[in-house]
Amino acid sequence: MTRYLISFDDGAMDHIPDEDWPEVGKAAHAVIQEAVNAGVFVFGAGLERQRASVVATDGLVSDGPYPETKEVIGGFVVVDVASREEALRWAAKVAASCRCAQEVRELLPDPETDAMLRGA
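Residues numbered from 1 in each chain as written. Predicted model: local features only at pLDDT ≥ 70, side-chain atom pairs only at ≥ 80, totals over all residues. Heavy atoms only, no water.

Undergrad: Sorry, what's going on with the overall build of the protein chain here?
TA: Check the secondary structure of the protein chain and you find three helices and six strands. Along the first, second and third principal axes, the C-alpha set of the protein chain runs to 45 × 35 × 25 Å. Counting only residues that meet the buried cut, the protein chain has 28% of its 120 residues in that class. A separation threshold of at least 6 residues defines the contact pool for the protein chain, and within that pool the share at least 24 residues apart is 76%. Split by element, the accessible area of the protein chain, about 8,200 Å² in all, is 57% carbon and sulfur. Side chains of the protein chain give 11 positive and 21 negative charges; the mean places of these two sets differ by 5 Å. (Helix = DSSP H or I, 4+ residues; strand = E, 2+ residues; numbered from the N terminus. Buried < 20%, exposed > 50% of the residue type's maximum accessible area, 1.4 Å probe, protein only. Contact = heavy atoms within 4.5 Å. Areas by Shrake-Rupley, 256 points an atom, 1.4 Å probe, with all protein chains shown as cover. Lys, Arg positive; Asp, Glu negative; His and termini not counted. Charge placed at Lys NZ, Arg CZ, Asp CG, Glu CD.)

Undergrad: Would you take a moment to explain the packing of aromatic side chains for this structure?
TA: Two numbers describe a pair of aromatic rings. These are the distance of the centres and the angle of the planes. Applying the stated criterion across every chain, the model contains one aromatic pair. For the cation-ring pair, Lys-93 lies above Trp-90, with the distance from its terminal atom to the ring centre recorded as 4.4 Å. (Phe/Tyr/Trp six-rings, centres within 6.5 Å; stacked < 30°, edge-to-face > 60°. Lys NZ or Arg CZ within 6 Å of the ring centre and 35° of its normal.)

Undergrad: Can you help me understand unusual backbone geometry in this one?
TA: Residues apart from glycine generally show negative phi values, whereas peptide bonds are mostly found in trans. In this model, Arg-99 sits at a positive phi of 60°, which is unusual for a non-glycine residue. Checked against the element boundaries, Arg-99 lands in the loop between helix 2 (84–98) and strand 6 (103–106). What makes Arg-99 partly exposed here is its relative accessible area of 30%.

Undergrad: Even after reading the chapter, I still don't get the nonpolar core, so can you show me in this structure?
TA: As a rule of thumb, nonpolar side chains are buried together in soluble globular proteins. Grouped together as the largest cluster of nonpolar side chains are 20 residues, with contacts concentrated most on Ile-6, Met-13, Val-79, Val-81 and Trp-90. For this core, the secondary-structure elements that each account for two or more residues are strand 1 (2–9), helix 1 (21–38), strand 5 (73–81) and helix 2. (Core = buried A, V, L, I, M, F, W, Y, C linked by side-chain atoms within 4.5 Å.)

Undergrad: Mind showing me how you'd approach the sheet that holds strand 5 here?
TA: Hydrogen bonds between backbone groups are what pair the strands of a sheet, and the pairing can be parallel or antiparallel. Read from one edge of the open sheet, four strands run 2-5-1-6, paired in antiparallel fashion. The open sheet terminates on both sides in strands that have one partner only, identified here as strand 2 (41–46) and strand 6. Geometrically, the sheet is characterised by an average inter-axis angle of 20° between neighbouring strands, direction not taken into account. Across the face of the sheet, helix 2 comes into contact with strand 1, strand 5 and strand 6 while running at roughly 30° to strand 1. (Pairing = 2+ DSSP bridges. Axes fitted to C-alpha atoms, helices over the stretch in contact; angles between N-to-C directions.)

Undergrad: Sorry if this is basic, but what is going on with the environment of Val-55 here?
TA: The topology assignment puts Val-55 in strand 3 (residues 53–55). The exposure class assigned to Val-55 is exposed, which follows from its relative accessible area of 57%. Discounting residues that sit within four places of it in the chain, Val-55 has contacts with Leu-60 and Val-61.

Undergrad: Teacher, can you tell me more about the side chain of Asp-80 here?
TA: Following the sequence through the fold, Asp-80 ends up in strand 5. Here Asp-80 is buried and forms no salt bridge, its nearest opposite-charge partner Arg-3 lying at an N-O distance of 4.0 Å. In terms of polar contacts, Asp-80 uses its side chain to reach the backbone amide nitrogen of Thr-2, at 3.2 Å. In this structure, Asp-80 is in contact with Met-1, Thr-2, Arg-3, Val-40 and Val-42, ignoring residues within four places of it in sequence. (Salt bridge = Lys/Arg side-chain N within 4 Å of Asp/Glu carboxyl O. Polar contact = N/O pair within 3.5 Å; in protein donor to acceptor, adjacent residues only side chain to side chain.)

Undergrad: I would appreciate a short explanation of the pattern of salt bridges in the present structure.
TA: Think of it this way: side chains of opposite charge can pair up when their charged atoms draw near. Tallied over the full model, the rule gives seven salt bridges. Residue Arg-49 is joined to Asp-14 by a salt bridge in which the shortest nitrogen-to-oxygen separation is 3.0 Å. Taken together, the residues Arg-49 in the loop between strand 2 and strand 3 and Asp-14 in the loop between strand 1 and helix 1 connect sequence positions 35 residues apart. Take Arg-49: its relative accessible area is 46%, and that puts it in the partly exposed class. Classification of Asp-14 by relative accessible area gives exposed; the value is 53%. A salt bridge links Arg-99 to Asp-20, with the shortest nitrogen-to-oxygen separation between them at 3.0 Å. Of this pair, Arg-99 sits in the loop between helix 2 and strand 6 while Asp-20 sits in the loop between strand 1 and helix 1; the two residues are 79 residues apart in sequence, bridging distant segments of the chain. Exposure remark for Asp-20: the relative accessible area of 21% places this residue in the partly exposed category.

See below:
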């Protein structure tokens, strides 16, 4: 199995009228429940719209990317699936429920971390 990051940019859901948010939330949670039931859900969350901080290797903290930039992630879900095609099918479900396009990226495998988690 391979893990994939399914994500959308901050602001991608700004077009949704306030009165539609309960329906969007219900639809998004239904997709997450489906992924949980299918055994492919790893983790997901929306990100608070706020200024990010960057911590350098020496510990120095500076302002990071600002929410106005397109590079800021607004939310994500990680799935563990057998193929990219399956990840794209999950992304399509997330896109429909959240009413915004999703970006799909394969996460690099890390057998050492996987072993640590199995031992925890």
